[in-house]
Amino acid sequence: MADEFDFISATDKPALLALCTPEWQQAAKNALKDLGYKVHTAATHSDFLTRFGQIQYEVVIVEELFAASTLAENLTLKSLQNMSMGLRRHATVILLANSFQTFNTLQAFQHSVHAIINSSEILLLGQLIEKAIADNIRFLRSYQDAQMRGIRGKSDS
């Protein structure tokens, strides 16, 4: 595994990186740490799945060519795309890519991620991650509110 055992407390904000480009990985680590996240890195696809299955990560950043030579071969991204929303709704999933436009919502939807960040904007990565998280929270707020109303309604019965 890429990191040694790292205990996650109830107050920690965990983030998971699936990046193979060293400069991108360091930039993402720095940006997330500056935003108060405890960062884990996955070295392989199976390492990613193991880590993702053990912890409810708040932020997940996947490189378009993580452990792959083409986007179609990216098993990590394919696994995320095939997971039910219940398993991945807790995380803001960001695709870091060369071949897509930053915050293009149609491309993000097509790849089942919350946001895409083009690698050419790596110097703004912290701000872009922060925006992606805020957008995701705002998008899911009405769903979560409805879910809480449903839970309260059932408990009132």
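This report concerns the structure included in the present document. From a predicted model like this one, the values you see are computed outputs, not experimental measurements. (Residues numbered from 1 in each chain as written. Predicted model: local features only at pLDDT ≥ 70, side-chain atom pairs only at ≥ 80, totals over all residues. Heavy atoms only, no water.)

## With respect to the pairing of strand 4 (residues 92-97)
Applied cut-off: A 1.4 Å probe rolled over the protein chains alone gives each residue an accessible area, and that area as a share of the maximum for its type sets the label: buried under 20%, exposed over 50%, partly exposed in between. Helix numbering and strand numbering both begin at the N terminus, where a helix is a DSSP run of H or I of at least 4 residues and a strand a DSSP run of E of at least 2. Strand pairing is assigned whenever DSSP identifies at least 2 bridges connecting the two strands. A right-handed crossover is one whose linking path, passing over the helix from the first strand to the second, runs clockwise when the strands point away from the viewer.
With six of its six residues buried, strand 4 lies for the most part within the structure. Across the two faces of strand 4 the burial is the same, with Thr92, Ile94 and Leu96 and Val93, Leu95 and Ala97 all buried. Of the strand pairs in this sheet, strand 3 (residues 59-63) and strand 4 are connected by five bridges, and their pairing is parallel. Opposite Val62, over in strand 4, you have Leu95 as the bridge partner. In this fold, strand 4 hands off to helix 5 (residues 105-110), which returns the chain to strand 5 (residues 115-118); that crossover is right-handed.

## Regarding the side chain of Asn118
For the record, the criterion: Two N or O atoms count as a polar contact when they lie within 3.5 Å, although within protein this holds only if one can serve as hydrogen donor and the other as acceptor, and sequence-adjacent residues are included solely when both atoms are side-chain atoms. We call two residues contacting when some pair of their heavy atoms lies within 4.5 Å.
One can find Asn118 in strand 5. Its relative accessible area of 14% is what places Asn118 among the buried residues. Side-chain polar atoms of Asn118 contact the backbone oxygen of Phe100, separated by 2.6 Å. Contact partners of Asn118, with chain neighbours within four places excluded, come to Leu96, Ala97, Asn98, Ser99, Phe100 and Thr102.

## Some points on the nonpolar core
So the rule is basically this: Residues grouped as a nonpolar core are buried Ala, Val, Leu, Ile, Met, Phe, Trp, Tyr and Cys residues, joined through side-chain atoms within 4.5 Å.
If you look at the biggest cluster of nonpolar residues, it comprises 21 residues, and the most contacted ones within it are Phe48, Phe52, Val60 and Leu80. Here this core gets three residues from one element, more than from any other, and that element is strand 4. Those residues in contact with Leu80 that sit more than four places away from it in its chain are Phe48, Phe52, Val60, Val62, Arg88 and Val93. Residues Leu17, Trp24, Ala28 and Leu96 belong to the second largest nonpolar core, which totals 20 residues.

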